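Architecture and fold: a report
Residue-level listing of the chains:
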Amino acid sequence: MREIKFYVKDFVSILPMYVNLDDTLDIVLEKMLYYRVLKLTVCDKDFNIAGNIAKSEISSFLINKEQEIDLNTLKKYCASDVLNKEKKCAIAFFGSSLSDIVTAMRVLNIEYIPVVKSPWNKRLKGFLELREIQKVMEVVAAY
């Protein structure tokens, strides 16, 4: 039986699972809820990846600011206020082996990973969702 080799480019989703640096925290939390994720990718106006922002980071930020957590407070701050620019985020490249990326996602315990075209071009092209890849892999394994 011939082994089928899949690449990242075969599974890229273009769902808008990202926020912009200037999006307010209410928008960030709304998107997290909509996509059922605890972390989102943050992009600049040119869609270059600036980092990730987690729900726990938002909570810590607001607690450290001693702010009451309500809608007005969430509208007062932007993703760029919370973003830790020194923290690196995992990314996948179009030509990467899908099995390598899935292994990395499981080890890092991440639900999705942003995809860029190449290591020197960090412009966002889409996302890989672990749950979607696993569905396809189960079907392929059954044959």
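Placed above this text is the structure.
This report concerns the structure included in the present document. (Residues numbered from 1 in each chain as written. Predicted model: local features only at pLDDT ≥ 70, side-chain atom pairs only at ≥ 80, totals over all residues. Heavy atoms only, no water.)

All right, on to unusual backbone geometry then. Although it is not a glycine, Arg36 adopts a positive phi angle of roughly 55 degrees. Its place among the elements puts Arg36 in the loop between helix 1 (25-35) and strand 2 (39-43). A positive phi angle is found at Asn109, which is not glycine, with a value near 55 degrees. (Helix = DSSP H or I, 4+ residues; strand = E, 2+ residues; numbered from the N terminus.)

With mixed pairing, three strands are arranged side by side in an open sheet as 4-5-6. The sheet is open, and its two edges are formed by strand 4 (92-93) and strand 6 (121-129), each paired on a single side. Across six bridges, the pairing between strand 5 (residues 112-118) and strand 6 is antiparallel. Paired with Ser118 across the strands is Asn121, a residue of strand 6. (Pairing = 2+ DSSP bridges.)

Taken as a whole and judged by the stated rule, the model has zero disulfides. Looking at the unpaired Cys43, the closest cysteine sulfur is the one in Cys89, lying at 8.9 Å. Judged by its relative accessible area of 23%, Cys89 falls in the partly exposed class. (Disulfide = S-S within 2.5 Å. Buried < 20%, exposed > 50% of the residue type's maximum accessible area, 1.4 Å probe, protein only.)

In terms of burial, strand 2 is a largely internal element, four of the five residues being buried. Sheet topology note: the strand 1 (residues 18-20)/strand 2 ladder contains three bridges and is parallel. Among the inter-strand pairings, Tyr18 is bridged to a residue of strand 2, identified as Thr41. A crossover connection joins strand 1 to the parallel strand 2 through helix 1; in handedness this β-α-β unit is right-handed. Summarising the sheet, strand 2 and strand 3 (residues 49-54) pair through five bridges and their orientation is antiparallel. By the bridge assignment for strand 3, Val42 is matched with Gly51. The hairpin turn running from strand 2 into strand 3, its antiparallel successor, is five residues long, and Phe47 in that turn takes a positive phi close to 70 degrees. (Right-handed = clockwise from strand over helix to strand, strands pointing away.)

A few words now on the environment of Lys9. Inspection of the secondary structure assignment puts Lys9 in the segment before strand 1. Look at Lys9 and you get exposed, because its relative accessible area is 52%. Measuring from C-alpha to C-alpha, the distance between Lys9 and Asp100 comes to 13 Å, with 91 residues separating the pair along the chain.

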